[in-house]
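# Examining the three-dimensional arrangement
Spelled out, the chains give:
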Amino acid sequence: MAIYREKDIFERRNAANEAKKALLERFKARPAADDPAVLARQAERKAILEARAIREAEKARLKQEKLAREAAEKAEREAIAEAARLAAEAAAAEEARRREAEEAERIAIELADEAARKAKRDARYAARKARVGRTPPGFSAR
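Residues numbered from 1 in each chain as written. Predicted model: local features only at pLDDT ≥ 70, side-chain atom pairs only at ≥ 80, totals over all residues. Heavy atoms only, no water.

### Quick look at the overall build of the protein chain
Looking only at helices and strands, the protein chain has two helices and zero strands in total. Since a compact globule built from 142 residues should have a radius of gyration of about 14 Å, the 55 Å found for the protein chain marks it as more spread out than a globular shape. The principal-axis extents of the C-alpha atoms in the protein chain amount to approximately 170 × 50 × 25 Å. The buried share among the 142 residues of the protein chain stands at 1%. Total accessible area computed for the protein chain in this model is approximately 13,500 Å², and 59% of it derives from carbon and sulfur atoms. (Helix = DSSP H or I, 4+ residues; strand = E, 2+ residues; numbered from the N terminus. Rg over C-alpha atoms; globule rule 2.2 N^0.38 Å. Buried < 20%, exposed > 50% of the residue type's maximum accessible area, 1.4 Å probe, protein only. Areas by Shrake-Rupley, 256 points an atom, 1.4 Å probe, with all protein chains shown as cover.)

### Looking at the UniProt feature "coiled-coil region" (unreviewed entry) in the protein chain
The feature "coiled-coil region" (unreviewed entry), as given by UniProt, occupies residues 40–110 in the numbering adopted here. Along residues 40–110 the backbone is 100% helical and 0% strand, and the end-to-end C-alpha distance reaches 103 Å. (UniProt positions renumbered as here; feature names shortened; annotations may be inferred.)

### Describing a positive patch on the surface
Residues Lys118, Lys120, Arg121, Arg124, Arg128, Lys129 and Arg131 make up a contiguous surface patch of positive charge. When its relative accessible area of 45% is taken as the criterion, Arg121 is described as partly exposed. (Patch = residues over 30% accessible without salt bridge, like charges linked within 9 Å, V, L, I, M, F, W, Y side chains within 5 Å. Salt bridge = Lys/Arg side-chain N within 4 Å of Asp/Glu carboxyl O. Lys, Arg positive; Asp, Glu negative; His and termini not counted. Charge placed at Lys NZ, Arg CZ, Asp CG, Glu CD.)

### Some thoughts on the pattern of salt bridges
Between side chains of opposite charge, pairing is possible as soon as their charged atoms come close. The full count for this structure, using the stated rule, is 10 salt bridges. The residue Arg98 makes a salt bridge to Glu95 at a minimum N-O spacing of 2.2 Å. Here Glu95 and Arg98 lie together in helix H2 (residues 36–133), a separation of three residues that amounts to about one turn. Given the relative accessible area of 26%, Glu95 is considered partly exposed. As a salt-bridge pair, Arg99 and Glu95 come within 3.4 Å of each other at their nearest N and O atoms. Taken together, the residues Arg99 and Glu95, both in helix H2 and four residues apart, mark about one turn of the helix.

### Here we look at the environment of Ile109
Of note, Ile109 is situated in helix H2. With a relative accessible area of 46%, Ile109 lands in the partly exposed category. Along the backbone, Ile109 and Arg41 are 68 residues apart, and their C-alpha atoms lie at a distance of 100 Å.

Spelled out as structure tokens, the structure:
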């Protein structure tokens, strides 16, 4: 079993200095901005960004087309539904007019029948009055 020993301040300071030196060396070893490898990476990144922009523009265009197509389809469905509703209303109105005409005809026939019955009744009544009002032969009217 290893015994854990804490590093003293000098060891920690030396480790920090070594880390700083390594970082500085890595920074100095980095290629310059005009290095062909750096320029190639920049060109590659630029191409990737341009391709991404083109894909996003195409995606946005397709989305707009889809929205326009859906709006047109919705408008067409609504127009068809409106036409069907108007046709149904017209059919219902025509049916109501037909029922009203049938009802008016039935009422007219009923009134005509009632008038004919009344005329018959009045004729019977007048005939009875005429019979009752006559004196039979051989009787004298006073």
